[in-house]
Amino acid sequence: MTALIREANRDDSSIILRFVKELAAYEKAEHEVLATEQMIEDSIFSEHSSTKAIICEKDGNPIGFAVYFFNYSTWLGKHGLYLEDLFVSPSERGSGAGKALLKHLAGIAVANDCGRFEWSVLDWNKPAIDFYESLGAKPKSEWLGYQLTGEHLTVLAAS
């Protein structure tokens, strides 16, 4: 497969939102997507955004995307690259697009002297887990992810 990976731009906001919705549907969580095209444009492509996106194209057609940002490890004393979302259209899975996206992101991490490249995967997503492990990725077995959202986040901030 000849895939072109490029940095996303404002004009890609609708493409990114479409992929986000397709990813949410795959994860059986489409009801959780609150983002709009304008929100994507404002949050990813604003002047002070720390979030970036890349698009994977085949023959000029978008077939996948990834959204990422840099985090920080105090233990390593280095930044890391965190992959927030990666999605490849179902018809293109197995074509090498996912690997091309991850390879591109690994290159960004190496070029920025990142100490790690990490992401999360749903525990039931066996195809993705198998794919990631085939690339040498290892699960973090001692750490549990936590989050605060909605009312709980607001209550804590106000307390």
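Above this note sits the structure.
Residues numbered from 1 in each chain as written. Predicted model: local features only at pLDDT ≥ 70, side-chain atom pairs only at ≥ 80, totals over all residues. Heavy atoms only, no water.

1. A closer look at a nonpolar patch on the surface
Alright, step 1. There is a patch of nonpolar side chains on the surface, built from Leu 148, Leu 153 and Leu 156 and spanning about 280 Å² of accessible area.
Alright, step 2. Looking at the secondary structure, you find Leu 148 in the loop between helix 4 (126-134) and helix 5 (150-158). (Patch = residues over 30% accessible without salt bridge, like charges linked within 9 Å, V, L, I, M, F, W, Y side chains within 5 Å. Areas by Shrake-Rupley, 256 points an atom, 1.4 Å probe, with all protein chains shown as cover. Salt bridge = Lys/Arg side-chain N within 4 Å of Asp/Glu carboxyl O. Helix = DSSP H or I, 4+ residues; strand = E, 2+ residues; numbered from the N terminus.)

2. Section: the environment of Asn 61
Alright, step 1. Its location among the elements puts Asn 61 in strand 3 (residues 61-73).
Alright, step 2. Note: C-alpha distance between Asn 61 and Tyr 26 (35 residues apart in sequence) is 21 Å.

3. Description of the nonpolar core
Alright, step 1. Residues Ile 54, Leu 83, Leu 101 and Leu 105 are the most contacted members of the largest nonpolar core, which totals 21 residues.
Alright, step 2. For Leu 83, the residues in contact, after removing those within four places along its chain, are Ala 66, Val 67, Tyr 68, Leu 102, Leu 105, Phe 117, Glu 118 and Trp 119.
Alright, step 3. Judged by nonpolar contacts, the second largest core, of 15 residues, contains Ala 8, Ile 15, Ile 16 and Phe 87. (Core = buried A, V, L, I, M, F, W, Y, C linked by side-chain atoms within 4.5 Å. Buried < 20%, exposed > 50% of the residue type's maximum accessible area, 1.4 Å probe, protein only. Contact = heavy atoms within 4.5 Å.)

4. What about the sheet that holds strand 4 (residues 78-88)?
Alright, step 1. The five strands lie next to each other as 1-2-3-4-5, forming an open sheet whose pairing is mixed. Each edge of the sheet is formed by a strand with only one pairing partner; in this case those strands are strand 1 (4-7) and strand 5 (117-119). Neighbour to neighbour, the strand axes of the sheet diverge by 30° on average, direction disregarded.
Alright, step 2. As paired elements, strand 1 and strand 2 (residues 51-58) share four bridges and run antiparallel to each other. (Pairing = 2+ DSSP bridges. Axes fitted to C-alpha atoms, helices over the stretch in contact; angles between N-to-C directions.)

5. Brief notes about the packing of helix 1 (residues 13-26) against helix 2 (residues 37-44)
Alright, step 1. In the contact formed by helix 1 and helix 2, the axes pass within 8 Å of each other and the chain directions differ by 110°. Classed by the angle they form, the pair helix 1 and helix 2 counts as roughly perpendicular. Remark: the crossing between helix 1 and helix 2 carries right-handed chirality. Contacts from Ser 13, Ser 14, Ile 16 and Leu 17 in helix 1 reach Glu 37, Ile 40, Glu 41 and Ile 44 in helix 2. (Parallel < 35°, antiparallel > 145°, perpendicular 65-115°, else oblique. Left-handed = near helix turned anticlockwise from the far one by under 90°.)

6. What to know about the pattern of salt bridges
Alright, step 1. The full count for this structure, using the stated rule, is eight salt bridges.
Alright, step 2. For the salt bridge of Glu 118 with Lys 140, the shortest nitrogen-to-oxygen distance reads 3.1 Å. With a gap of 22 residues between them, Glu 118 in strand 5 and Lys 140 in the loop between helix 4 and helix 5 connect regions that are remote in the sequence.
Alright, step 3. Across the pair Asp 130 and Lys 126 runs a salt bridge, and its minimum N-O distance is 2.8 Å. Of this pair, Asp 130 and Lys 126 are both found in helix 4, four residues apart, which corresponds to roughly one turn of the helix.
Alright, step 4. Here the salt bridges share partners, and the residues they tie into one network are Arg 6, Asp 12 and Glu 57.

7. Quick word on helix 3 (residues 97-111)
Alright, step 1. Look at helix 3: 21 Å from first C-alpha to last across 15 residues, which is about the 21 Å you get at 1.5 Å a residue.
Alright, step 2. Turning to helix 3, its buried residues are Ala 97, Gly 98, Leu 101, Leu 102, Leu 105, Ile 108 and Ala 109. Taken end-on, helix 3 shows its buried residues confined to a sector of 135°, consistent with a single buried face. Relative to its buried face, helix 3 has exposed residues pointing more than 90 degrees away, namely Lys 103, Val 110 and Ala 111.
Alright, step 3. In this structure, the buried residues of helix 3 make contact with strand 1, strand 2, strand 3, strand 4, strand 5 and helix 4. (Expected span 1.5 Å × (residues − 1). Arc of directions from axis to C-beta.)

8. Details of the packing of aromatic side chains
Alright, step 1. The final tally for this structure, using the stated rule, is eight aromatic pairs.
Alright, step 2. Here the aromatic residues Phe 117, Trp 119, Phe 131 and Tyr 132 are joined through ring pairs into a cluster of three or more.
Alright, step 3. A cation over a ring is seen here: Lys 28 above Trp 124, with NZ or CZ 5.1 Å from the ring centre.
Alright, step 4. The aromatic ring of Tyr 26 is capped on one face by Arg 93, whose charged end is 5.0 Å from the ring centroid. (Phe/Tyr/Trp six-rings, centres within 6.5 Å; stacked < 30°, edge-to-face > 60°. Lys NZ or Arg CZ within 6 Å of the ring centre and 35° of its normal.)

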